[in-house]
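# Reading the structure
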Amino acid sequence: MSEFLFRSSRDGTLTAGFSAALLQGLAPDGGLYVPCAWPQLAAADFAGAAALPEVAVPLLAPFLAGDPLGAALTELAREAFSFPAPLVPLTRDGRLALLELFHGPTAAFKDFGARFLAACFARLRGNASSPLTILVATSGDTGGAVAAAFHERPGISVAVLFPKGLVSPTQERQLTCWGGNVRSLAVRGTFDDCQRLVKQAFVDPQLKAGGALSSANSINLGRLLPQTVYYAAASLATWRAHGERASFVVPSGNLGNALACLWARRLGLPIGAVVLAHNANRTVPDYLESGQWRPRPSVATLASAMDVGDPSNMERLRTLFPELEGLRAAVSAVSVGDEAIRERIRRGYRELGQVWCPHTATAAEAWQRLPAEQRSRGRWVLVGTAHPAKFREIVEPLIGQPVAVPAPLAQLFARPVSCVEIDASLDALRAALAG
Ligand SMILES: *Cc1c(COP(=O)(O)O)cnc(C)c1O
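Being a predicted model, the structure only gives us computed values, none of them experimental.

What counts, and at which threshold
- Residues numbered from 1 in each chain as written.
- Predicted model: local features only at pLDDT ≥ 70, side-chain atom pairs only at ≥ 80, totals over all residues.
- Heavy atoms only, no water.
- Buried < 20%, exposed > 50% of the residue type's maximum accessible area, 1.4 Å probe, protein only.
- Helix = DSSP H or I, 4+ residues; strand = E, 2+ residues; numbered from the N terminus.
- Arc of directions from axis to C-beta.
- Contact = heavy atoms within 4.5 Å.
- Core = buried A, V, L, I, M, F, W, Y, C linked by side-chain atoms within 4.5 Å.
- Axes fitted to C-alpha atoms, helices over the stretch in contact; angles between N-to-C directions.
- Parallel < 35°, antiparallel > 145°, perpendicular 65-115°, else oblique.
- Left-handed = near helix turned anticlockwise from the far one by under 90°.
- Nonpolar A, V, L, I, M, F, W, Y, C, P; charged D, E, K, R; others polar.
- Salt bridge = Lys/Arg side-chain N within 4 Å of Asp/Glu carboxyl O.
- Polar contact = N/O pair within 3.5 Å; in protein donor to acceptor, adjacent residues only side chain to side chain.

## What to know about helix H18 (residues 392–399)
Listed in full, the buried residues belonging to H18 are Val395, Leu398 and Ile399. One face of H18 carries all of its buried residues, which in axial projection span an arc of 85°. For H18, the secondary structure elements touched by its buried residues are helix H15 (338–352) and helix H16 (358–368).

Have a look at this one:
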């Protein structure tokens, strides 16, 4: 079997198989890995497959062809997709539904990608002599999902760096409740300091000599590709039940989740429109409108996991749609301010009995702003990216009710916390990793 290849989004002659692309994270020229070709899949290829692990196998098999991990795909899928992504109708006719991606261990969609990547790394490192250290800089959700996914994996340790005092109390608990092979480092600095330290660590000879370092950030192909699975499953379910394509409204920041939806559509799945729902960080909506790409510093909003002013996956989006006109035809984008997010959380509860996190509410508001004619056509799916209990400080005062905490999150909240405070310097990071 010939090996399926991925190429850099910059120099297309730099290619790697699936496992190599995962271990490298970034391509050698700093680009992001994208598939060299688009296998075409039809609904018939998924006959009998409905649950996520069943859909994952035919969907991902072409990408793992000829790769050392190919033979383990069924196991990888079972391990990563061990919780469901229910499609819940929001209206009586079911033309509007919510895809709930928040039933994993840390109650956000990042659990899917992080768990798939961890399952892959565990196998790739199976017989390595020195331990692998995964470094993650996080301003919130990513660190928790990665820590949960790698916790208690033999041969792998994780260091999570977060800016001390700059994450919400709920988020901080998720970053510091692990212990064992997960170190939580509260950096006296900003998120940018955390990112800088991780970058410096990767090129530090002293740390390199101590053992292999890798990253698990959202640009890793091993996190992006498995996210296509829930779009495939939801669109197939819609197609089978109604013979219509599903259109998706995706809460977006770095565009990883939205890109997975577009990749699923490119692979032939029955997906209609894709709408990118952004908060006040308007870089992408402005680009679609003006044609000028103007990345900028992020601004803080209620939907904080989408506070991105220079989305890294834009580079992948451009390889998919090199011309602006093509991109405009393929997606649309809406920007929603904090006051509209608040009002949508209130109305979601009042009108539909739904309790939404600020990110999910951004998608609900973006959908409302589509032309009525577009909304009334076809089947629409709002993507629910996090459980509202993760943002209860924001949500509870708006709906005037306590938010019930789901069991996996309650278990996390009950664990003892531990963390080490460090200065924002490479010396301090070296010392923390050595200890
Ligand atoms: C990360 C995150 C997003 C944004 O996803 P991207 O892939 O960065 O676009 C949206 N909502 C929540 C809850 C998140 O954690």
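## Some words on the nonpolar core
Formed by 133 residues in total, the largest nonpolar core has its most connected members in Phe18, Ile134, Phe150, Tyr231 and Phe248. Ignoring anything within four residues of it in the chain, the contact list for phenylalanine 18 reads Phe4, Phe6, Phe63, Leu64, Asp67, Leu69, Phe116, Cys120, Leu221 and Leu225. In this structure, Ala137, Leu185, Leu197 and Val198 belong to the second largest nonpolar core, which totals 17 residues.

## Points about the packing of helix H3 (residues 73–80) against helix H4 (residues 110–124)
Any two packed helices are characterised by how steeply their axes cross, that is the angle between the axes, and by the distance between the axes. Between H3 and H4, the least distance of the axes is 8 Å, while the angle of their chain directions is 140°. Taken together, the axes of H3 and H4 lie oblique to each other. Along this stretch, H3 crosses H4, giving a crossing that reads as right-handed. Seen from H3, the contacting residues are Glu75, Leu76, Glu79 and Ala80; seen from H4, they are Phe112, Arg115, Phe116, Ala119, Cys120 and Arg123. Residues of the contact of H3 with H4, tallied by class, amount to six nonpolar, no polar and four charged.

## A look at the pattern of salt bridges
A complete count under the given rule lists 22 salt bridges for this structure. A salt bridge links glutamate 244 to arginine 379; its shortest N-O distance comes to 3.1 Å. One end of the pair, glutamate 244, is in the loop between helix H10 (228–242) and strand S10 (246–251); the other, arginine 379, is in strand S13 (residues 379–384), and 135 residues separate them in sequence. Taking relative accessible area as the criterion, glutamate 244 reaches 22% and is therefore assigned partly exposed. In this structure, a network of salt bridges that share partners links the residues Glu75, Glu79, Arg123 and Arg153.

## Comments concerning unusual backbone geometry
Even without being a glycine, glutamate 152 presents a positive backbone phi close to 65°. Looking at the element boundaries, glutamate 152 is found in the loop between helix H5 (141–150) and strand S7 (156–163). Of note, leucine 255 is a non-glycine position whose phi angle comes to about 75°, a positive value. Looking at the secondary structure, you find leucine 255 in the loop between S10 and helix H11 (256–266).

## With respect to the side chain of threonine 176
Looking at the secondary structure, you find threonine 176 in helix H6 (residues 169–176). One polar contact links the side chain of threonine 176 to the main-chain carbonyl oxygen of glutamate 172, over a distance of 2.8 Å. Aside from chain neighbours lying at most four places away, what touches threonine 176 is Phe162, Ser184, Pro416, Val417, Ser418 and Cys419.

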